[in-house]
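If you want the building blocks of each chain, they are given just below.
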Amino acid sequence: MYKLIICTSLLLFTNNVYADMHTAKQLFDENDCTKCHNVEKFKYRKDKVNNFEKLNTMVDACANGTNTGWFEEEVQDVSSYLNHKYYHFKVKADK
Ligand code: HEC
């Protein structure tokens, strides 16, 4: 019985992380971020944005500048998504 509970919660947990990534991608795609950004360029900008905190700050600035209405959590999710896909900075809570 306990094993079943552990398995189920593991499964739910994994699903959750995946769902977050999926939502973050949607958030990014649906908010005109790509109007100004050629995403392929993200990975060549390491001179300027060279850690996750800076990445998060830039996402926050752009999200505010474009009136996305994102909360901190959404900014965080999109930063994680961009990090996962392009930047690959080491983060303690990387998804
Ligand atoms: C009106 C144009 C515009 C829009 C729309 C925009 N950005 Fe930006 N973004 C910029 C500019 C300008 C910079 C600064 C580039 C620089 O430092 O040279 C920037 C920088 C960034 C960076 C850092 C890039 C790097 O590695 O140097 C990230 C990440 C980013 N934006 C994410 C986003 C996200 C997420 C959105 C959607 C909410 C978004 N941007 C929408 C103009 C825009």
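Cut-offs applied
- Residues numbered from 1 in each chain as written.
- Predicted model: local features only at pLDDT ≥ 70, side-chain atom pairs only at ≥ 80, totals over all residues.
- Heavy atoms only, no water.
- Helix = DSSP H or I, 4+ residues; strand = E, 2+ residues; numbered from the N terminus.
- Buried < 20%, exposed > 50% of the residue type's maximum accessible area, 1.4 Å probe, protein only.
- Contact = heavy atoms within 4.5 Å.
- Areas by Shrake-Rupley, 256 points an atom, 1.4 Å probe, with all protein chains shown as cover.
- Donors = N, O, S within 2.8 Å, 3.2 Å for Na, K, Ca; no water.
- Tetrahedral: all angles 85-135°; square planar, octahedral: opposite > 155°, others 65-115°.
- Salt bridge = Lys/Arg side-chain N within 4 Å of Asp/Glu carboxyl O.
- Near = heavy atom within 4 Å.
- Polar contact = N/O pair within 3.5 Å; in protein donor to acceptor, adjacent residues only side chain to side chain.
- Nonpolar A, V, L, I, M, F, W, Y, C, P; charged D, E, K, R; others polar.
- Expected span 1.5 Å × (residues − 1).

J.: How would you explain the overall build of the protein chain if you had to name every residue and give the values?
T.: Broken down by element type, the protein chain carries four helices and zero strands. Written out in order from the N terminus, the α and β elements of the protein chain read α-α-α-α. Looking at the protein chain as a whole, 27% of its 95 residues are labelled buried. Within the protein chain, residue pairs in contact and separated by at least 24 positions form 66% of the contacts whose partners lie at least 6 positions apart. Surface exposure of the protein chain reaches about 7300 Å², of which carbon and sulfur atoms provide 58%.

J.: Can you tell me about the coordination of the iron atom of the ligand, naming the residues and giving the values?
T.: Coordination of the iron atom of the ligand by the protein comes from His37 (NE2) and Cys62 (SG), over a distance range of 1.8 to 2.1 Å. The coordination sphere of the iron atom of the ligand comprises six donor atoms, whose angles at the metal cover 86 to 179°; the geometry is octahedral. Of this pair, His37 sits in the loop between α2 (33-36) and α3 (52-65) while Cys62 sits in helix α3; the two residues are 25 residues apart in sequence, bridging distant segments of the chain.

J.: Let's hear about the pattern of salt bridges: which residues, and what values?
T.: Working definition: two side chains of opposite charge can pair if their charged atoms are close together. The tally for this structure, following the rule as stated, stands at two salt bridges. The partner of Lys25 in a salt bridge is Asp29, and the shortest N-O contact between them spans 2.6 Å. A residue pair is termed a helical-turn pair when its members lie 3 or 4 positions apart in one helix, as Lys25 and Asp29 do in helix α1 (residues 2-30) at four residues. Here Lys25 falls in the partly exposed class, since its relative accessible area comes to 35%.

J.: Before we move on, can you summarise the site of the ligand with the specific residues and values?
T.: Around the ligand there are 20 residues in total, and Cys33, Cys36, His37, Cys62 and Tyr87 lie nearest to it. His37 is positioned such that a nitrogen or oxygen atom in its side chain is 2.6 Å from a nitrogen atom of the ligand. Side-chain polar atom of Tyr87 to an oxygen atom of the ligand: 2.5 Å apart, as the coordinates give it. Counting only elements with at least two residues in the shell around the ligand, the list comes to α2, α3 and α4 (72-87). Considering only residue class, the shell around the ligand consists of 14 nonpolar, three polar and three charged.

J.: If you had to explain α4 to someone new, which residues and values would you point to?
T.: Helix length check: α4 (16 residues) gives 20 Å between terminal C-alpha atoms against 22 Å at 1.5 Å per residue, more than 12% under. Three or more residues of α4 are buried, namely Val75, Asp77, Val78, Ser79, Ser80, Tyr81, Leu82, Asn83, Tyr86 and Tyr87. Two residues or fewer past α4, His88 is found with a positive phi of approximately 60°.

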